[in-house]
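Residue-level structural notes
Each chain, letter by letter, is given below.
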Amino acid sequence: MRWIHAAGRGLLVLVVVLTGYVASGARADEGSAGGRGPLTLATAGDLTGYLGSVLEGWNRTHPDEKVTLVELPDSADETHAQMTTDLRAGERSRFDVLNIDVSWTSEFAAHGWIRPLARDRFPLDTFLPPVVDTATYDEQLYAVPYVTNAGLLLYRRDILTKEGVDPPRTWAELEKQAKTIAPKYGLDGYAGQFLPYEGLTVNAAEAVYSAGGSILGDEGERVTVNSMAARDGIDFLARGVREGWIPKRALTYKEEESKQAFEDGRLLFLRNWPYAYVGASAKGSPVSGKIGAVPLPGPDGPGTSVLGGSNLAVSTHTEHPDSAARLLAYLSGERVQRQVLTRGALPPVRADLYEDPELVREFPYLPTLRASVLTAAPRPKSPRYDQVSLVVQAVVHDAMAGRDTPEAAVRRLARELAAVSSR
Ligand code: GLC
């Protein structure tokens, strides 16, 4: 019988160890010293190659809590696939901290992959107001805002000045200039991110929102896409390809390919995130000194950008939740937020940086960007956002490639989104 006692004692030890583990996890949110140690941070491709240097700052001062950066692919969808595959492995998951797209917070929280966080550990009241909402689900904070983003229209200032016209404020002006001015200079007219992936969902949502339409309501439970406004939004993009002022090759563009086309001097207008403006303005870029940025146009005046960016979340299964929370506070603090802009060319989440005279001198688009972020519309908050996005990408790509009319595309969106929402 002695082996039974031994086994019983083993079980008791196991229970104590497990309880200790859970308790140390819970304490992470209360700021105790439990759960400290090294971390891995997974992120989508670091397009401006700055994150390593930011993490070096932490690693130097936190030798027992060093962070190892795991860089996943550039495309949001591929990063999503790799992160979710990893998180589904539960305790065998490799990632402690995840730099997740703002549109994934609900899905990751609803699946229990990321931990709720204590609001008072993070400087939330220093952030631009819309960004905090992207980090909450069910009224609970599940991530800490890190980078925000809003789409801008980049244009060739040198060419528009020569032609004596202002940059477009409406779709009609954009279309006219793209059609009539671009060919004179041997350029393509307009491009965005039109490959079927998250970037196309963003571009399609911007067109639909700018026309006054919507895609889903009530946190993803109601399909609202069946409207004339949504049709007009999709028609704007489909018409561009049909009429040639959006080049067919733009149907394969993600952020980087479209930025390259603009930077190489092949495009008159580009919808992209601000990092592309910084890249194209930099010394050595063929269009340096020749470009400008304005808010995205809409049917009768400025349009609506989708709110982009990323939030930092902590994996449910991390063994070092306290270090993870401390890292989140560090990365959302003033010093690193300044570096996010100055080294990473990415829009910080801290509000005061947008009014810092020195930064505004160096990054003249900051006031336009601030206005665009404050009026940007979030993507639908759905625990099935990944499926919602797949539907939008596929349908809008078919419409842009001329395989579906905008009317048929809207009907198909309504039907396929209803199928996602009803499951
Ligand atoms: C940018 C945005 C992100 C968006 C992605 C689409 O990374 O910050 O929110 O989902 O582009 O490609």
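About the thresholds
Residues numbered from 1 in each chain as written. Predicted model: local features only at pLDDT ≥ 70, side-chain atom pairs only at ≥ 80, totals over all residues. Heavy atoms only, no water. 1 Å grid on protein atoms, 1.4 Å probe; cavity = no way out; pocket = protein on both sides within 12 Å on 5 of 7 lines; lining within 4 Å. Points joined across faces, edges and corners; volume = space filled by probe spheres on them. Helix = DSSP H or I, 4+ residues; strand = E, 2+ residues; numbered from the N terminus. Nonpolar A, V, L, I, M, F, W, Y, C, P; charged D, E, K, R; others polar. Near = heavy atom within 4 Å. Polar contact = N/O pair within 3.5 Å; in protein donor to acceptor, adjacent residues only side chain to side chain. Areas by Shrake-Rupley, 256 points an atom, 1.4 Å probe, with all protein chains shown as cover. Sits in = over half its atoms within 2 Å of the grid points. Domains from an automatic or database assignment. Buried < 20%, exposed > 50% of the residue type's maximum accessible area, 1.4 Å probe, protein only. Core = buried A, V, L, I, M, F, W, Y, C linked by side-chain atoms within 4.5 Å. Contact = heavy atoms within 4.5 Å. Buried area = accessible area lost by both parts, 1.4 Å probe.

Here the largest pocket defines a volume of roughly 240 Å³. Along the wall of the largest pocket there are 21 residues; nearest its centre are Pro-378, Arg-379, Pro-380, Lys-381 and Ser-382. Put simply, the parts of the chain that give the lining of the largest pocket at least two residues each are α4 (105-110) and β9 (216-217). Its residues assigned to classes, the lining of the largest pocket comprises 8 nonpolar, 8 polar and 5 charged.

The environment of the ligand is made up of Asp-101, Asn-149, Tyr-197, Glu-198, Gly-199, Glu-255, Trp-273, Gly-308, Gly-309 and Arg-379. One of the side-chain nitrogen or oxygen atoms of Asp-101 is found 2.6 Å away from an oxygen atom of the ligand. Within the backbone of Gly-309, one N or O atom sits 2.8 Å away from an oxygen atom of the ligand. Relative to its free-state accessible area of 310 Å², the ligand is covered by the protein chains to the extent of 85%. A molecule is said to occupy a pocket when more than half its atoms come within 2 Å of that pocket's grid points, and by this definition the ligand occupies the largest cavity. Of the residues assigned to the shell around the ligand, the class counts are 2 nonpolar, 4 polar and 4 charged. In this structure, the shell around the ligand is formed jointly by two domains, domain 1 (39-149 + 307-374) and domain 2 (150-306 + 380-421), each of which donates at least three residues.

For Glu-139, which is not glycine, the phi torsion reads 65° and is therefore positive. By secondary structure assignment, the location of Glu-139 is in the loop between β4 (136-137) and β5 (140-141). Since its relative accessible area comes to 77%, Glu-139 is described here as exposed.

This part is about the nonpolar core. Core analysis: the largest hydrophobic core is formed by 129 residues, its most contacted members being Tyr-146, Tyr-190, Phe-194, Phe-269, Leu-331 and Met-400. Counting residues domain by domain, this core receives three or more from each of domain 1 (39-149 + 307-374) and domain 2 (150-306 + 380-421). Leaving out residues up to four positions away in the same chain, Tyr-146 has contacts with Tyr-50, Leu-51, Asn-99, Ser-310, Asn-311, Leu-312, Leu-331, Val-336, Gln-337, Val-340 and Val-349.

Turning our eyes to something else, we now look at empty space enclosed by the protein. The full count for this structure, using the stated rule, is 4 cavities of 30 Å³ or more. The space that makes up the largest cavity amounts to roughly 630 Å³. As for the largest cavity, its lining consists of 32 residues, and the residues nearest its centre are Ala-44, Gly-45, Leu-47, Asp-101 and Asn-149. In terms of residue class, the lining of the largest cavity is made up of 15 nonpolar, 11 polar and 6 charged. Split by domain, the residues of the lining of the largest cavity number at least three in each of domain 1 (39-149 + 307-374) and domain 2 (150-306 + 380-421). Of the pockets and cavities examined, the second largest cavity occupies roughly 110 Å³. Mapped onto the lining of the second largest cavity, the elements with two or more residues apiece are α7 (171-184), α8 (198-210) and α9 (228-243). Its residues placed into classes, the lining of the second largest cavity shows 8 nonpolar, 3 polar and 2 charged.

Time to look at the environment of Ser-227. One can find Ser-227 in the loop between β10 (222-223) and α9. Placed 15 residues apart in sequence, Ser-227 and Gly-212 show a C-alpha to C-alpha distance of 9.5 Å. At a separation of 3.0 Å, a polar atom in the side chain of Ser-227 contacts the main-chain amide nitrogen of Ala-230.

As assigned here, the protein comprises domain 1 (39-149 + 307-374) and domain 2 (150-306 + 380-421). Taking the mean C-alpha position of each, domain 1 and domain 2 sit 26 Å from one another. Contact residues are listed per partner, giving 28 residues for domain 1 and 23 residues for domain 2. Summed over both sides, the interface of domain 1 with domain 2 buries roughly 2,000 Å², with 66% coming from carbon and sulfur.

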